[in-house]
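# Observations on chain architecture
The primary structure of each chain is shown beneath.
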Amino acid sequence: MATGRTHRPATRSRGIPEATVARLPLYLRALTALSERSVPTVSSEELAAAAGVNSAKLRKDFSYLGSYGTRGVGYDVEYLVYQISRELGLTQDWPVVIVGIGNLGAALANYGGFASRGFRVAALIDADPAMAGKPVAGIAVQHTDELEHIIEDNGVSIGVIATPAGAAQQVCDRLVAAGVTSILNFAPTVLTVPDGVDVRKVDLSIELQILAFHEQRKAGDEGAVAPAAAARAAADATVTPADDRKGPDGDVPAVMPA
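Residues numbered from 1 in each chain as written. Predicted model: local features only at pLDDT ≥ 70, side-chain atom pairs only at ≥ 80, totals over all residues. Heavy atoms only, no water.

## Some points on the overall build of the chain
For the chain, the helix and strand inventory stands at nine helices and nine strands. For the chain, the exposed surface amounts to about 15200 Å²; the carbon and sulfur share of it is 56%. (Helix = DSSP H or I, 4+ residues; strand = E, 2+ residues; numbered from the N terminus. Areas by Shrake-Rupley, 256 points an atom, 1.4 Å probe, with all protein chains shown as cover.)

## A word on helix H7 (residues 147-154)
Along H7, the residues classified as buried are Leu147, Ile150 and Ile151. Looking straight down H7, one finds that the buried residues subtend no more than 95° of arc, so they occupy a single side. Of the exposed residues in H7, those oriented more than 90 degrees away from the buried face are Glu152 and Asp153. In the core, the buried residues of H7 are packed alongside strand S3 (94-99), strand S4 (119-126), strand S6 (139-143) and helix H8 (165-177). The positive-phi residue at the C-terminal boundary of H7 is Gly155, with phi of around 60°. (Buried < 20%, exposed > 50% of the residue type's maximum accessible area, 1.4 Å probe, protein only. Arc of directions from axis to C-beta. Contact = heavy atoms within 4.5 Å.)

## What about the sheet that holds strand S5 (residues 135-136)?
Taking strand neighbours across the sheet as the criterion, the seven strands line up as S5-S6-S4-S3-S7-S8-S9 in an open arrangement whose pairing is mixed. Taken across any chain shown, the strands that pair with only one partner, and hence form the sheet edges, are S5 and strand S9 (198-201). Inspection of the sheet shows S3 paired to strand S7 (residues 158-161) by four bridges, in the parallel sense. Residue pairing across strands places Val99 opposite Ile161, the latter belonging to S7. Set on the sheet, H7 makes contact with S3, S4 and S6; between it and S4 the angle comes to about 165°. Sitting on the sheet, H8 touches S3, S7 and strand S8 (182-185), and the angle it makes with S7 is about 170°. (Pairing = 2+ DSSP bridges. Axes fitted to C-alpha atoms, helices over the stretch in contact; angles between N-to-C directions.)

## Some remarks on helix H1 (residues 18-36)
With 19 residues, H1 should reach 27 Å at 1.5 Å per residue; the first-to-last C-alpha distance of 28 Å fits that figure. For H1, every residue scored as buried is listed here: Thr20, Val21, Arg23, Leu24, Tyr27, Leu28, Ala30, Leu31 and Leu34. Tucked into the core, H1 has its buried residues touching strand S1 (41-42), helix H2 (44-51), helix H3 (55-65) and helix H4 (77-88). One or two residues past the end of H1 sits Ser38, with phi positive at roughly 60°. (Expected span 1.5 Å × (residues − 1).)

## Section: the pattern of salt bridges
Overall, the coordinates contain six salt bridges when judged by the stated rule. Residues Asp61 and Arg23 are paired through a salt bridge, measuring 2.7 Å at the closest nitrogen-oxygen approach. Note that Asp61 is positioned in helix H3 and Arg23 in helix H1, a separation of 38 residues in sequence. Classification of Asp61 as buried rests on a relative accessible area of 1%. (Salt bridge = Lys/Arg side-chain N within 4 Å of Asp/Glu carboxyl O.)

## Some remarks on the side chain of Ser44
Within the secondary structure, Ser44 is located in helix H2. Among the polar contacts listed, one links the side chain of Ser44 to the side chain of Arg59, at a separation of 2.8 Å. Sequence-distant contacts of Ser44, defined by excluding residues within four places in its chain, comprise Ser55, Leu58, Arg59 and Tyr75. (Polar contact = N/O pair within 3.5 Å; in protein donor to acceptor, adjacent residues only side chain to side chain.)

Here's what the structure looks like:
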């Protein structure tokens, strides 16, 4: 099986927009679920809903792949799974190293979805000498002193950084110098890399802060409704002018003045 070092995805050479590339994994996840249920075909509307995108955007995205579906039938699920997997480079074997085997790094190492998606955890690396040799997810942790040799021996081109923020840039520099050209960064810091190196940042605290913003906005909207309702109720209870203050019989005020 080919390794990640010698085979690169074809998306850039084929001119597929980055926004489309970012949505391809969403389509693949939805298609894989359909495939597991033995669903043979799917319409653009059904697939778009499953992926959480607009159906017109889905059709445009698939046009970059040369897939247009069949009118009245839809898209062939198995073929699309293969087509998107090939475009993303997932029909190859991508050896990955994870640097920083704390709680997060260990959780990533134990994630069972890597292998089924074309990624093989080739090595786990940590700076703590006490961690060296300890098995995590069935893989013995190795010390950072071995980082360059590990990358060369395994043909690694993708590195995952799960270290504390203060160590992330130094680890990044060593990964790049050793030949890693793609980095997934979980450390809460911005990494500086040379041209030709791709970095994807995953910052859980930022995602939580964005959710907190939306929660605050929703709470503010709900808070604004209550005063408005109270104002309407107060207006309804206000004593009306004398000429309008007639009771059921027409001559007794419905609301007696104080």
